[in-house]
Structure formats: structure tokens, C-alpha cells
Amino acid sequence: MAAAAPSWRMRAPPGACAGRVPSARPEQPLAMWRVARGWAARGVAVAPLTAARGAAVAPLTAARGAAVAPLTAAAGSAGPEGWYERLAQSEPVHWVEDGLTALQEASGLPWWAAIVCGAALLRTAVTFPLAAHQGRLLAKLENLQPEIKKLAEQLRYEVSVRAKQVGWSEKVARFHFKKNLRRILTELYIRDNCHPFKATLLVWVQVPMWVCVSLALRNCSLGATDPAVQEQFSAGGALWFTDLTAPDSTWILPVSLGLVNLLIVEIFASQKKEVSRFQKLATNFFRMVSVVMIPVAATVPSSMALYWVSSSLLGLSHNLLLRSPACRRLCCIPRTSSDSATPYRDIVSALATKYRFKK
């Protein structure tokens, strides 16, 4: 039996007569009155809730704003200016400030002379002994090179024989060679107490000291610690830099700093006969830093630029002094195959040969 087709005709509501469409007009006023009464009652009920909700949200918003304010301040202080100011107001920087003030008051020197004397004192008492220690380590490492070369050749032969016996591939043989060579080098460094990392002690001491002294002079020049010291700095200069709180407008100190640093780099580069790729990159990097420091020194107070020039000059003189055979013997630096009886003449001839004008 076939199913009846669905009927899409709208059905009449219950209670309506067949064939008669009910009219909604009589019920429309009643329905509208009910809706209006419902909304009115709802509005009366919602009003206190809205007021209560607003009263409850207000303290939360205020509390949230009060909580966000310190976080915003903390976020702002975590920026570049924040960490720089924290470093400038750190305890080591304040110690340097007190030391400079005590040195100037005890000696009675003008501030420019006190800055130069402070740089000489730090360079002579701190960095020069470390530079001599570095020279001893580097001399020991240089004297170890023939022994290291001999042991490396012997190890390479033993590894090649073992590789043929066991059937190692070239990659495996290279791995065992490097592993055993590192072990041999470690034993040699321990035996002679000349690990290369110890030679970097000078850098780990000199760089923080340079930063602390520079920031201390910056604080004194800007009056961040004592306004009276800033007044003394403003009249404590000499020659063309009479005001130590202002940058050197003549650029004499910045250019002198760049030339001295470049001279130090070139002297170190001239003593290397066989230069590796890494040493070339390091030399070019320090050349670039020396040039970049010129405009930097022209924007800082003259007190900082004067300290930088004095420190670089003293570093250059100490490095040249450690080339002297008599000074090397006095500092107990072992003799090496690269030592020269006329080191200064060799430096001048190397620089002249490297930078002479070719026709």
C-alpha cells in the first residue's frame, strides 16, 4: 500500500472550526500588555543587579589598575635605560667613585691629573701583573707546540694502524684521533699548568674594571652622586678640555683614542708570522671597534674620554715593556723560539714593511 504523501498545509489550532482561520486581533492587546509588564518587571529587577555589578566591578578595576601600575613601571625599568641605570648605580661603581674622590683629596691634584693617576695606578697594580701572567702562559704554550706536534704524528700513525686492524672507517678513525689528542693535550696542560683558558683572566678582570671606572666618571660628570663633585669636574680640566663634564668638541681625545687602539692592534698583528682565519677575523674586529670608539668618545664627557686615552696609552706602554728581554726575565717569562734580542726594531721594521707605499 503506497504511503500517503506528506501534506504541507498548515494545520488549524486546536479548538478552531474547520475551514475558518482564527483571528489574532482580539488577543494582540493582551499579549502586548503582558510583554510590557514582563519587561517592566525585568527592568526593575535588572536595575539593582546592574548597580550592584557596577559597584562590585569598580573596586576590581581599581585594584587591577593598582596592580598593573607597578608591573608597568617594572617593565619600563627592565628596558635598556633600566639596566644601564642599575649598572651605573651599582656598588662597584660607587666604590670606584669613592676611590677617585679619596685619591683626588689625598693628592690635591686637579681632577684631570687625578684621573690620569688613577688609570696609571689601576693599570700598574692590577692589569700589568695579569699581563705578565698571561705572557708566562703563552710562552709555555708556545714551547709545548713541538712536543704536541710530535705526539700528534705518533698518535695519527697508531690510529691508522689500528684502523686497518679493526676495519674502522675514515670517520671513525678521525673520531678516535681527535678524542685521544684532546686527552693528550689536557694531560700536557695539567703537567705544565698552562691551560689556554687561564690566559683569558686578563680580559675577565680588565673589561669589568674599565666599565666600572667609566660609569663612575660618568656619574661624577652628570652630578648623579654629588653636585659638588660635578662643579669640580666642570672646572677641573686642562688645555682644550677645561670642562670635564662636556664632550671634547675638538675631537682630539677621540681621535687619539682611535689611533692608539689601532696601533695596539697592529703591533699584535705584526708579531704573528702564520695567521689563521680566526686570527684575521679577530684582528679585523678589533680594528672596527677601534674606529667605532672614535665617535663614541666624542659624545661622552671629556673625563671618560681622558680616562680611555690614558688607559690605552698605559696598556700600549706595558705591552711594549713586556717585549723587552730584561723585563721578561724579571717577570719569569720563559724564553721561546720567537723571542728577539731587538724586539722594538723588529716591530718598527714589520710595520714599515706592512704599510709602506708600493710604487
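(A) Fine view of a nonpolar patch on the surface. Taken together, the side chains of F285, F286, M288, V289, V292 and V296 define a hydrophobic patch exposed on the protein surface, amounting to about 520 Å² of accessible area. Secondary-structure assignment places M288 in helix α9 (residues 277-297).

(B) Molecular detail of the nonpolar core. Core analysis: the largest hydrophobic core is formed by 23 residues, its most contacted members being W111, I115, L217, F233, Y307 and W308. Among the secondary structure elements, those contributing two or more residues to this core are α4 (111-166), α6 (201-222), α7 (227-234), α8 (252-270), α9 and α10 (302-321). Broken down by element, the residue count for this core peaks at six residues, all from α10. Setting aside chain neighbours within four positions, we find I115 in contact with L217, F233, L244, S303, L306 and Y307. If you look at the next biggest cluster of nonpolar residues, it comprises 14 residues, including L141, L155, A173 and Y189.

(C) Main features of the packing of aromatic side chains. The final tally for this structure, using the stated rule, is four aromatic pairs. Sitting over the ring of F268, R323 keeps its end group 5.9 Å from the ring centre.

(D) Seen up close, the confidence of the model for the protein chain. Predicted confidence across the protein chain gives a mean pLDDT of 77, with 75% of residues reaching 70 or more. Under a pLDDT of 50 for its full length, residues 1-80 has, in the predicted model, five contacts with residues more than four places off or in other chains.

(E) Fine view of the pattern of salt bridges. Taken as a whole, this structure holds six salt bridges when the rule is applied. Between R287 and E266 there is a salt bridge, with its nearest N and O atoms 2.7 Å apart. Residue R287 is located in helix α9, and its partner E266 is located in helix α8; the two are separated by 21 residues in the primary sequence. For R287, a relative accessible area of 25% puts it in the partly exposed group. It is possible to trace a salt-bridge network through shared partners that takes in E147, R191 and D192.

(F) Representation of α8. Given a rise of 1.5 Å per residue, 19 residues ought to cover 27 Å, and the 27 Å separating the end C-alpha atoms of α8 matches this to within 8%. Inspection of α8 places L253, P254, L257, G258, V260, N261, I264, V265, E266, I267 and A269 among the buried residues, and these make up the whole buried set. Here the buried face of α8 lies against α9, α10 and α12 (343-355).

(G) Structural detail: the environment of A235. Secondary-structure assignment places A235 in the loop between α7 and α8. Residue class for A235 comes out exposed when judged on its relative accessible area of 65%. As a C-alpha pair, A235 and W112 span 123 residues in sequence and 9.7 Å in three-dimensional space.

(H) View of α6. If you check α6, its first and last C-alpha atoms are 32 Å apart, about what 22 residues at 1.5 Å a residue would give, namely 32 Å. Of the residues making up α6, those classed as buried are L202, M209, C212, V213, S214, L215, A216, L217, R218, N219, C220 and S221.

(I) Expanded view of unusual backbone geometry. With phi around 55°, N193 is a residue other than glycine that occupies positive phi space. The topology assignment puts N193 in the loop between α5 (170-192) and α6. For W251, which is not glycine, the phi torsion reads 65° and is therefore positive. Relative to the elements of secondary structure, W251 occurs in the loop between α7 and α8.

(J) The arrangement of the side chain of T245 in detail. Mapped onto the fold, T245 is located in the loop between α7 and α8. There is a polar contact of 2.6 Å between the side chain of T245 and the side chain of D243. Beyond its immediate stretch of four places on either side in the chain, T245 contacts S221, Q230, F233, S234 and P301.

(K) Here's a closer look at the packing of α6 against α10. Where α6 contacts α10, the two axes come as close as 8 Å, and the packing angle between them is 155°. Viewed along their axes, α6 and α10 adopt a mutual orientation that is roughly antiparallel. The crossing of α6 and α10 is right-handed. From α6, M209, W210, V213, S214, L217, R218 and S221 reach across to α10, where they touch S303, M304, Y307 and W308. Split by residue class, the contact of α6 with α10 holds seven nonpolar, three polar and one charged.

(L) Quick look at the side chain of D248. With respect to the helices and strands, the residue D248 is situated in the loop between α7 and α8. Within the structure, D248 has its side chain in polar contact with the side chain of W240 (distance 3.1 Å). Those residues in contact with D248 that lie beyond four places of it in its chain are W240, L253, P254 and S302.

What counts, and where the lines are drawn
The residue count restarts for each chain, going from 1 along the sequence in the order it is written. Reporting in this predicted model follows two pLDDT cut-offs: at least 70 for local features of residues, and 80 or more for side-chain atom pairs to be given and counted; totals over whole chains, interfaces and linings ignore these cut-offs and use all residues. Hydrogens and water molecules were not included; the side-chain quantities draw on all heavy atoms of the structure. To count toward a patch, a residue needs a relative accessible area above 30% and no salt bridge. Like charges then connect within 9 Å, nonpolar side chains (Val, Leu, Ile, Met, Phe, Trp, Tyr) within 5 Å. For the accessible areas, the method is Shrake-Rupley and the probe is 1.4 Å, while residue cover comes only from the protein chains on display. Salt bridge, as applied in this entry: a Lys or Arg side-chain nitrogen positioned within 4 Å of an Asp or Glu carboxyl oxygen. Helix and strand assignments follow DSSP, with helices taken as H or I runs no shorter than four residues and strands as E runs no shorter than two, numbered in order from the N terminus. Among buried residues, the Ala, Val, Leu, Ile, Met, Phe, Trp, Tyr and Cys ones that are joined through side-chain atoms within 4.5 Å form a nonpolar core. The classification of residues rests on relative accessible area computed with a 1.4 Å probe and restricted to protein chains. Under 20% of the type maximum is buried, over 50% is exposed, and intermediate values are partly exposed. Residues are treated as being in contact if the distance between any of their heavy atoms lies within 4.5 Å. Each aromatic pair joins two rings of Phe, Tyr and Trp (for Trp, the six-membered one) with centres within 6.5 Å, and gets the label stacked for planes under 30 degrees apart, edge-to-face for over 60, and tilted for any other angle. As a reminder, the over-ring test applies to NZ of lysine and CZ of arginine, requiring each to be within 6 Å of the ring centre and within 35 degrees of the ring normal. On a scale of 0 to 100, pLDDT captures the predictor's confidence in every residue. The span expected for a helix works out to 1.5 Å for each residue beyond the first. N or O atoms within 3.5 Å of each other form a polar contact, as long as, within protein, one can give a hydrogen and the other can take it, and as long as residues adjacent in sequence are counted only when both atoms are side-chain atoms. For helices, the fitted axis covers only the stretch in contact; all axes are lines through C-alpha atoms, and the angles between them, taken along N-to-C directions, range from 0 to 180 degrees. Our angle categories are set so that under 35 degrees counts as roughly parallel, over 145 as roughly antiparallel, 65 to 115 as roughly perpendicular, and the remainder as oblique. In this scheme the crossing of two helices becomes right-handed for a clockwise turn of the near helix relative to the far one and left-handed for an anticlockwise turn of less than a right angle. For this classification, Asp, Glu, Lys and Arg are treated as charged, while Ala, Val, Leu, Ile, Met, Phe, Trp, Tyr, Cys and Pro are nonpolar and the rest, including Gly, are polar.

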